[in-house]
Amino acid sequence: EIHAIMGPNGSGKSTFSKVLAGHPAYEVLGGDIIFKGSSIMDLDPEERSHLGLFLAFQYPIEIPGVSNEDFLRLAYNAKQKFLQQPEIDPIEFFSIITKKLELVDMSPTFLSRNVNEGFSGGEKKRNEILQMILLDSDVSILDETDSGLDIDALKVISKG
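Structure report, in brief.

Conventions we followed
Residues numbered from 1 in each chain as written. Predicted model: local features only at pLDDT ≥ 70, side-chain atom pairs only at ≥ 80, totals over all residues. Heavy atoms only, no water. Helix = DSSP H or I, 4+ residues; strand = E, 2+ residues; numbered from the N terminus. Expected span 1.5 Å × (residues − 1). Buried < 20%, exposed > 50% of the residue type's maximum accessible area, 1.4 Å probe, protein only. Core = buried A, V, L, I, M, F, W, Y, C linked by side-chain atoms within 4.5 Å. Contact = heavy atoms within 4.5 Å. Salt bridge = Lys/Arg side-chain N within 4 Å of Asp/Glu carboxyl O. Phe/Tyr/Trp six-rings, centres within 6.5 Å; stacked < 30°, edge-to-face > 60°. Axes fitted to C-alpha atoms, helices over the stretch in contact; angles between N-to-C directions. Parallel < 35°, antiparallel > 145°, perpendicular 65-115°, else oblique. Left-handed = near helix turned anticlockwise from the far one by under 90°. Nonpolar A, V, L, I, M, F, W, Y, C, P; charged D, E, K, R; others polar. Arc of directions from axis to C-beta. Polar contact = N/O pair within 3.5 Å; in protein donor to acceptor, adjacent residues only side chain to side chain.

### Thoughts on helix α5 (residues 121–135)
Taking 1.5 Å of rise per residue, 15 residues should cover 21 Å, and α5 covers 21 Å from first to last C-alpha, within 8% of that figure. Along α5, 14 of the 15 residues are buried, which leaves the element largely enclosed by surrounding structure. Just downstream of α5 lies aspartate 136, where phi reads positive at about 50 degrees.

### Looking at the nonpolar core
Counting residues in each nonpolar core, the largest one holds 19 residues, and the members touching the most others are Leu72, Phe93, Ile97 and Leu130. Elements supplying a minimum of two residues to this core: β3 (53–56), α3 (68–82), α4 (90–103) and α5. Element by element, the count of residues in this core is highest for α5, at 6 residues. In contact with isoleucine 97, other than residues within four places in its own chain, are Leu72, Leu111, Leu130 and Leu134.

### Concerning the pattern of salt bridges
This model, assessed by the stated rule, comprises 4 salt bridges. For aspartate 138, the salt bridge is made with lysine 36, and the minimal N-O distance between the two is 2.5 Å. You can see aspartate 138 sitting in the loop between α5 and β6 (139–142) and its partner lysine 36 sitting in the loop between β1 (34–35) and β2 (38–39), a full 102 residues away along the chain.

### Looking at the packing of aromatic side chains
Using the criterion set out here, one finds 2 aromatic pairs in the structure. Aromatic side chains tyrosine 76 and phenylalanine 93 sit 6.1 Å apart centroid to centroid with 55 degrees between the ring planes, which places their arrangement in the tilted category. Of this pair, tyrosine 76 sits in helix α3 while phenylalanine 93 sits in helix α4, and the two are 17 residues apart along the sequence. Here phenylalanine 110 and phenylalanine 119 contribute two aromatic rings whose centre-to-centre distance is 5.4 Å and whose plane-to-plane angle is 85 degrees, an arrangement assigned as edge-to-face. Of the two residues examined, phenylalanine 110 and phenylalanine 119, each falls in the buried class.

### Quick word on the packing of α4 against α5
Across the interface, α4 lies against α5 with an axial gap of 10 Å and an inter-helix angle of 125 degrees. Between α4 and α5, the crossing angle belongs to the class labelled oblique. Of the two elements, α4 crosses α5, and the hand of that crossing is right-handed. Within the contact between the two elements, α4 uses Phe93, Ile96, Ile97, Lys100, Leu101 and Leu103 and α5 uses Leu130, Ile133 and Leu134. Considering only residue class, the contact of α4 with α5 consists of 8 nonpolar, no polar and 1 charged.

### So, α3
For α3, with 15 residues, the first-to-last C-alpha span of 21 Å sits near the 21 Å given by 1.5 Å per residue. Those residues of α3 lying buried are Asn68, Leu72, Arg73, Tyr76, Asn77, Lys79 and Gln80. Axial view of α3: buried residues confined to an arc of 155 degrees, hence all on one face. Facing away from the buried surface of α3 by more than 90 degrees, the exposed residues are Leu74 and Lys81. Phi for glutamine 84, located one or two positions after α3, is positive at around 60 degrees.

### Regarding the side chain of asparagine 116
Inspection of the secondary structure puts asparagine 116 in the loop between β5 (114–115) and α5. Among the polar contacts listed, one links the side chain of asparagine 116 to the backbone oxygen of isoleucine 61, at a separation of 2.8 Å. A polar contact is formed between the side chain of asparagine 116 and the side chain of asparagine 127, at a distance of 3.3 Å. The contact partners of asparagine 116, leaving out residues within four places of it in the chain, are Pro60, Ile61, Glu62, Lys124 and Asn127.

Set out below in structure tokens:
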């Protein structure tokens with residue numbers, strides 16, 4: 001099921017996405033956010049993520065000094081731990097992530113690179129979609145997924 005929230009620049013689409021994901025810079029003054037039958041208002045962003053809520057940023061940040069492989073494996077294992085499932089070792093993770101890389105047309109060499117460091121716009125977006133697929137989110141919020149993409153990258157991302 002796909003829903004699109006559209007509106008002019010500055011109308012609050014990105015803010016709304018960040019509020020749903022639990023960004024600490026925002027305070028909700030009224031109402032509630034119900035996800036899977038329960039309020040998530042008091043949950044940290046990490047807890048919301050573990051429950052299956054994923055936010056892909058409009059402009060993904062670079063994380064110097066952190067390899068994609070470590071970042072993705074730690075995120076995967078954090079969710080495993082939250083779900084009271086066994087964490088996996090790097091060798092087992094490599095077999096899982098290799099299959100996911102194929103879905104977004106990324107080379108395994110991306111795993112050794114630092115998170116988004118020196119990535120093109122299309123590579124950053126593919127990396128975000130890779131995270132989404134790996135974490136098996138139930139609700140994915142993609143904030144301007146087409147920003148910074150050429151037509152070939154947009155085609156790959158749309159398949160993810």
